[in-house]
Amino acid sequence: MTKDFECMQESYAKEVLREKGLKSTTQRLAVVHILHMSEKLLSIGEIHGGVKDMLGNTGLATIYRTLEMFEDLGIVKRLHFPDGGHGYAFSQGEHVHHMVCVDCRGVFDFSECPAENFDYASVEKQGFRVKDHFIQLFGQCGKCVEAA
Ligand SMILES: [Zn+2]
Ligand SMILES: [Zn+2]
Ligand SMILES: [Zn+2]
């Protein structure tokens, strides 16, 4: 199948990989392509299926390792499905939070950070030092609200 995909998102991923001395293999770029082309949160099985459609047989373990690596590099965000389990969305490393539609699994982002005005002192009183946060909203997207 076709290997001639090269979008801005692949160029971005290539650059991040190159900076870390990692190879931009066709499989890795195919994962980027599938993720950024999708408007929905994708499961690992769906990503695997997409890579197989593009490149032929590819092991699930390879896809799993690629996604783990991409998560470390900030190329993907691992988000939650409404009914549990994880899905993946493309990321260019910016600080954004995500909203996932419980009906269509559409994934949207917003840049306003709800943790910015959080009262950190109140939890640090318990001796806890905050390092990071994870905030994701669940709801219905505009299209699904209209269709309801
Ligand atoms: Zn692409
Ligand atoms: Zn929706
Ligand atoms: Zn935030």
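Structural data are supplied above this passage.
This report concerns the structure included in the present document. (Residues numbered from 1 in each chain as written. Chains lettered and ligands numbered in written order. Predicted model: local features only at pLDDT ≥ 70, side-chain atom pairs only at ≥ 80, totals over all residues.)

### Things to note about the overall build of the chain
Okay, step 1: Within the chain one finds six helices and five strands.
Okay, step 2: In the chain, the succession of helices and strands from N to C terminus is α-α-α-α-β-β-β-β-α-β-α.
Okay, step 3: Based on the C-alpha atoms only, the size of the chain along its principal axes is roughly 55 × 45 × 25 Å.
Okay, step 4: Looking at the chain as a whole, 23% of its 148 residues qualify as buried.
Okay, step 5: Restricting to contacts in the chain with at least 6 residues of sequence separation, those with at least 24 account for 51%. (Helix = DSSP H or I, 4+ residues; strand = E, 2+ residues; numbered from the N terminus. Buried ≥ 20, exposed ≤ 12 C-beta atoms within 10 Å, placed from the backbone. Contact = placed C-beta atoms within 7 Å.)

### Remarks on the environment of Q92
Okay, step 1: Following the sequence through the fold, Q92 ends up in the loop between β2 (86–90) and β3 (97–101).
Okay, step 2: Overall, Q92 belongs to the partly exposed group, with 13 C-beta atoms counted inside 10 Å.
Okay, step 3: Considering only alpha carbons, one finds Q92 and P114, 22 residues apart in sequence, at a separation of 20 Å.

### Here we look at helix α1 (residues 8–19)
Okay, step 1: Over its 12 residues, α1 runs 17 Å from end to end, which matches the ideal 16 Å to within 8%, given 1.5 Å per residue.
Okay, step 2: Downstream of α1 by one or two residues, G21 has phi in the positive range, about 70°. (Expected span 1.5 Å × (residues − 1).)

### Quick notes on unusual backbone geometry
Okay, step 1: Even without being a glycine, R105 presents a positive backbone phi close to 65°.
Okay, step 2: Position of R105 relative to the elements: it lies in the loop between β3 and β4 (107–110).

### What to know about the pairing of strand β1 (residues 76–80)
For a regular strand, side-chain orientation follows a simple rule: the groups alternate between the two sheet faces.
Okay, step 1: Bridge count for β1 against β2 is five bridges, and the pairing is antiparallel. What sits directly across from L79, in β2, is G87.
Okay, step 2: Between β1 and β2, which pair antiparallel one after the other, the connecting turn spans five residues, and G84 there sits at a positive phi close to 95°. (Pairing = 2+ DSSP bridges.)

### A closer look at the packing of α1 against helix α2 (residues 26–37)
Okay, step 1: One can describe the packing of α1 onto α2 by two numbers: an axis separation of 9 Å at closest approach and a directional angle of 135°. Here α2 runs oblique to α1, going by the angle between their axes. In the packing of α1 onto α2, the handedness of the crossing is right-handed. Contact with α1, carried on its side by Q9, E10, A13 and L17, involves R28, L29, V32, H33 and H36 of α2 and no other residues of that element.
Okay, step 2: Of the residues belonging to the contact of α1 with α2, the class tally is four nonpolar, three polar and two charged. (Axes fitted to C-alpha atoms, helices over the stretch in contact; angles between N-to-C directions. Parallel < 35°, antiparallel > 145°, perpendicular 65-115°, else oblique. Left-handed = near helix turned anticlockwise from the far one by under 90°. Nonpolar A, V, L, I, M, F, W, Y, C, P; charged D, E, K, R; others polar.)

### Digging into the sheet that holds β3
Okay, step 1: Taken in spatial order, the three strands make up an open sheet running β4-β3-β5, and their pairing is mixed. A strand with exactly one partner marks an edge of an open sheet, and here the two such strands are β4 and β5 (136–139). Pairs of neighbouring strands in the sheet enclose a mean axial angle of 25°, with direction left out of account.
Okay, step 2: Both β3 and β4 contribute to a ladder of four bridges, which runs antiparallel. Bridge pairing links H98 to D109 in β4.

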